[in-house]
Amino acid sequence: MAEINEAELQLKYDSAKRLMNSVECLTKNSDKAKTMERAAKRFETLGGFSDSADMATKCRAEAEKYSKTEDNLPPAPKNPMDIKKPSKLATWLLRIAVFLVIVGIIGFFYTRKTDHGAYLRSSFYENIGNHEKAYKMFLHLKDYKDSEKRYLKNRYKFGCELFKEKKYWDARNTLRPIRDYKDSGQKLAEAEIALLKKTKKNGDILFGEAHWVVAEKTKTKAFLIKTKPVEGIPYNNKDKAVTWKSSSIRTYLNETFMAETFTKGMIDKILDTDVYIADNKKYNTKGSHTTDKIFMLKTSQAEKYEKQLSLFLRDYWLMEPGETQREAKFVSFGKVKDAGYPVNDKNMNARPCMWVNIK
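Residues numbered from 1 in each chain as written. Predicted model: local features only at pLDDT ≥ 70, side-chain atom pairs only at ≥ 80, totals over all residues. Heavy atoms only, no water.

### Some points on the sheet that holds strand S7 (residues 327-332)
Then, in step 1: With antiparallel pairing, 3 strands are arranged side by side in an open sheet as S6-S7-S8. Each having just a single partner strand, strand S6 (316-321) and strand S8 (335-342) make up the two edges of the open sheet. Taken pair by pair, the neighbouring strands of this sheet meet at an average axis angle of 40°, ignoring direction. (Pairing = 2+ DSSP bridges. Helix = DSSP H or I, 4+ residues; strand = E, 2+ residues; numbered from the N terminus. Axes fitted to C-alpha atoms, helices over the stretch in contact; angles between N-to-C directions.)

Take a look at the structure:
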């Protein structure tokens with residue numbers, strides 16, 4: 001017999017060891033005993049190579065241990081009919097559970113995927129007093145049944161709740177879209193005045209439908225200047241001699257602009273201001289004297305509030321006449337232009353301002 005070299009002995013040794021370790025994958029002790037016997041025999045064929053003799057002894061001992069240990073496996077049922085059947089009560093309970101699950105699934109899709117289902121859910125939230133949830137759901141139903149009417153009702157109630165809790169920011173945002181519903185406009189005005197009271201000088205405030213800078217503020221009133229000018233509006237619609245008193249821009253600001261921007265409750269809070277415009281002695285043009293709620297800046301005010309308006313550099317009209325009665329002063333890049341611009345020019349902008357009662 002040819003002599004086996006050391007490399008071949010090592011291969012046989014490794015094979016025997018793998019066989020020995022494979023018992024970990026077996027479940028029956030009888031199979032483990034047989035595998036250990038086979039591993040022992042392989043180690044014995046290696047004679048004195050490495051620790052083969054010791055490994056063979058170890059495998060024999062393990063084989064004997066496994067052979068004396070019974071397999072503890074649950075016996076398989078001899079016949080499927082031997083398996084115990086559930087009782088009639090358990091069967092009926094299972095059927096009821098399945099039925100309830102099916103009904104629940106159908107109900108889920110019905111209440112969320114159909115208008116009528118969503119309408120029922122909205123009504124439920126309304127009945128339990130969750131007006132925020134109710135109005136948002138009725139809003140999505142649009143003109144389904146009386147959804148629009150109930151949307152207004154629940155949004156109004158939620159806005160009133162917020163107002164009562166003095167959450168004026170949220171109350172304003174809730175009532176703004178329905179400002180013509182019941183007394184929403186009045187409550188919206190009160191909420192915005194409450195927020196204006198808290199706004200510091202030079203701060204930005206949303207009042208009505210526009211943003212304003214708080215240029216001046218006392219304990220009882222605040223002077224607001226519109227941050228973004230009204231674009232492309234002439235001082236007067238016709239090219240003729242005018243004053244602030246007779247200008248079309250004054251009429252526009254105190255009628256159209258005011259009505260489109262504020263609720264009645266807000267308009268009631270805008271103070272009547274005595275607007276006096278002196279004659280322009282340099283050019284011998286005439287000023288005027290009026291009482292207005294909405295007006296524009298004069299030269300002295302434009303210069304006073306130049307820094308506060310520096311972030312909103314747009315050319316805008318002043319109330320005073322320019323070089324002629326057919327021209328009006330204006331501001332360009334923050335600087336007053338005394339000679340003025342033709343009153344009927346539509347490329348200029350208007351910057352409304354007003355005093356608001358915050359008592």
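Structure shown, so let's carry the discussion forward.
### Things to note about unusual backbone geometry
Then, in step 1: The residue Lys145 is not glycine, and still its phi comes out positive at about 50°.
Then, in step 2: Among the secondary structure elements, Lys145 is positioned in the loop between helix H6 (131-141) and helix H7 (147-164).
Then, in step 3: Unlike most non-glycine residues, Lys182 shows phi in positive territory, near 50°.
Then, in step 4: Here Lys182 shows up in the loop between helix H8 (168-175) and helix H9 (184-198).

### Re the packing of aromatic side chains
The geometry of an aromatic ring pair is captured by two quantities: the separation of the ring centres and the angle between the planes.
Then, in step 1: Following the criterion strictly, the structure yields 19 aromatic pairs and no others.
Then, in step 2: Seen from their ring centres, Phe207 and Phe262 are 5.5 Å apart, and the 45° between their planes marks the pair as tilted. Taken together, the residues span a long stretch of sequence, with Phe207 in strand S1 (residues 204-207) and Phe262 in the loop between helix H10 (248-261) and helix H11 (264-269) at a distance of 55 residues.
Then, in step 3: What makes Phe207 buried here is its relative accessible area of 1%.
Then, in step 4: Plain terms: the ring middles of Phe223 and Tyr305 are 5.7 Å apart, the flat faces sit at 40° to each other, and that makes the pair tilted. Note that Phe223 is positioned in strand S3 (residues 221-226) and Tyr305 in the loop between helix H12 (299-304) and S6, a separation of 82 residues in sequence.
Then, in step 5: Looking at Tyr305, the relative accessible area reads 4%, which means it is buried.
Then, in step 6: In this structure an aromatic cluster arises from ring pairing among Phe207, Trp212, Tyr252, Phe257 and Phe262.
Then, in step 7: A cation over an aromatic ring shows up here: Lys221 above the ring of Trp355, its NZ or CZ 4.5 Å from the ring centre. (Phe/Tyr/Trp six-rings, centres within 6.5 Å; stacked < 30°, edge-to-face > 60°. Buried < 20%, exposed > 50% of the residue type's maximum accessible area, 1.4 Å probe, protein only. Lys NZ or Arg CZ within 6 Å of the ring centre and 35° of its normal.)

### Some remarks on the pattern of salt bridges
Then, in step 1: Inspection of every chain in the model, using the stated rule, returns 22 salt bridges.
Then, in step 2: Among the salt bridges present, the one from Lys65 reaches Glu62, with a minimum N-O distance of 3.3 Å. Here Glu62 and Lys65 lie together in helix H3 (residues 52-67), a separation of 3 residues that amounts to about one turn.
Then, in step 3: Taking the relative accessible area as the measure of exposure, Lys65 reaches 44% and is therefore partly exposed.
Then, in step 4: The closest approach of N and O atoms between Asp338 and Lys329, which form a salt bridge, is 3.2 Å.
Then, in step 5: We classify Lys329 as buried; its relative accessible area is 9%.
Then, in step 6: Three or more residues are tied together by salt bridges with common partners; here these are Glu126, Asp146, Arg150 and Lys153. (Salt bridge = Lys/Arg side-chain N within 4 Å of Asp/Glu carboxyl O.)

### Overview of the nonpolar core
Then, in step 1: Counting 74 residues, the largest nonpolar core has Leu224, Trp244 and Phe262 as its most contacted members.
Then, in step 2: In this structure, Leu224 is in contact with Leu196, Ile205, Phe207, Trp212, Val213, Val214, Pro352, Cys353, Met354 and Val356, ignoring residues within four places of it in sequence.
Then, in step 3: Within the second largest apolar cluster, 18 residues are counted, among which are Ala16, Met20, Met36 and Leu46. (Core = buried A, V, L, I, M, F, W, Y, C linked by side-chain atoms within 4.5 Å. Contact = heavy atoms within 4.5 Å.)

### Things to note about the environment of Asp272
Then, in step 1: In this structure, Asp272 sits in the loop between H11 and strand S4 (273-277).
Then, in step 2: Residues Asp272 and Trp355 lie 83 residues apart in sequence; the distance between their C-alpha atoms is 7.8 Å.
Then, in step 3: Apart from residues lying up to four places away in sequence, Asp272 is in contact with Thr291, Asp292 and Lys293.

### A closer look at empty space enclosed by the protein
Where empty space is left becomes clear once a probe the size of a water molecule has been rolled over the atoms.
Then, in step 1: What the rule picks out here adds up to 2 cavities of 30 Å³ or more.
Then, in step 2: Considering only enclosed or pocket space, the largest cavity measures out at about 70 Å³ in volume.
Then, in step 3: Around the largest cavity, the lining residues are Ala302, Glu306, Leu309, Ser310, Phe312, Leu313, Arg314, Tyr316, Val331, Gly334 and Arg351.
Then, in step 4: Here the residues of the lining of the largest cavity are counted per class, giving 6 nonpolar, 2 polar and 3 charged.
Then, in step 5: Those elements that provide at least two residues to the lining of the second largest cavity are S6 and S7.
Then, in step 6: Looking at the lining of the second largest cavity, its residues break down into 7 nonpolar, 2 polar and 3 charged. (1 Å grid on protein atoms, 1.4 Å probe; cavity = no way out; pocket = protein on both sides within 12 Å on 5 of 7 lines; lining within 4 Å. Points joined across faces, edges and corners; volume = space filled by probe spheres on them. Nonpolar A, V, L, I, M, F, W, Y, C, P; charged D, E, K, R; others polar.)

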